[in-house]
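# Per-entry structural report
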Amino acid sequence: MTLYVSAATRRRRAILAVVLAALLGLVVGVLATRWTTPSISERVATVRTDVSDYATRISALTIEYEQGYAGGGLDSIKAGVLDPLVTIASDVRSAVADAPWLTSTEGAKAVAAVETVRVAAEAKVPPTDFARVTDAAATALRDLFHTDATSG
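These notes cover the structure that comes with them. (Residues numbered from 1 in each chain as written. Predicted model: local features only at pLDDT ≥ 70, side-chain atom pairs only at ≥ 80, totals over all residues. Heavy atoms only, no water.)

## Some points on the side chain of Thr62
One can find Thr62 in helix 2 (residues 40-71). Contacts of Thr62, omitting those with residues within four sequence positions, involve Phe130, Ala131 and Thr134. (Helix = DSSP H or I, 4+ residues; strand = E, 2+ residues; numbered from the N terminus. Contact = heavy atoms within 4.5 Å.)

Written out as structure tokens, the structure reads:
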């Protein structure tokens, strides 16, 4: 035997089911976001690790530069040093944007450190001078991004 359920009751039940499903979805969404969103310390550690990698990539350019310098061609310096520096510079600018603990002056210093390497490569300075420039740039990047993120 079937029971008659009025249209109003069916409508109320449908609305209640939709509201409960929406609330459940909201709760699950909030919990999932909190579990998957990195903490501030995790974000800081990620930026610092990335910048350390960029500094290492800058230091490694000395090998390519020495080979290009010995070959005497700007093309090999371009392909081995200048082209990778474009990517590194872009990565450093992104890291600066992701590092709220850096002041605008410190961010500009980070970008300038990479720019100094580019200028030295374009000027075809001797390899020993280029190595000094890349070492200084790598050290500057590591120092700038490893300042205490919690101090002000």
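## Points about the side chain of Thr134
Within the element layout of this structure, Thr134 appears in helix 5 (residues 127-145). The contact partners of Thr134, leaving out residues within four places of it in the chain, are Ile58, Ser59, Thr62 and Val117.

## Re a nonpolar patch on the surface
Together, Ile15, Leu16, Val19, Leu20, Leu23, Leu26 and Val30 make up an exposed nonpolar region whose accessible area comes to about 650 Å². With respect to the helices and strands, Leu20 occurs in helix 1 (residues 7-36). (Patch = residues over 30% accessible without salt bridge, like charges linked within 9 Å, V, L, I, M, F, W, Y side chains within 5 Å. Areas by Shrake-Rupley, 256 points an atom, 1.4 Å probe, with all protein chains shown as cover. Salt bridge = Lys/Arg side-chain N within 4 Å of Asp/Glu carboxyl O.)

## Notes on the pattern of salt bridges
Evaluation of the coordinates by the stated rule reveals five salt bridges. For Lys78, the salt bridge identified is with Asp83, shortest N-O distance 2.9 Å. Residue Glu122 is joined to Arg118 by a salt bridge in which the shortest nitrogen-to-oxygen separation is 2.5 Å. Highlighted residues: Glu122 and Arg118, both in helix 4 (residues 104-122), separated by four residues, approximately one helical turn. The exposure class of Glu122 is partly exposed, given its relative accessible area of 44%. The class for Arg118 is partly exposed, based on a relative accessible area of 27%. Among the charged side chains, a network of salt bridges with common partners joins Glu115, Arg118 and Glu122. (Buried < 20%, exposed > 50% of the residue type's maximum accessible area, 1.4 Å probe, protein only.)

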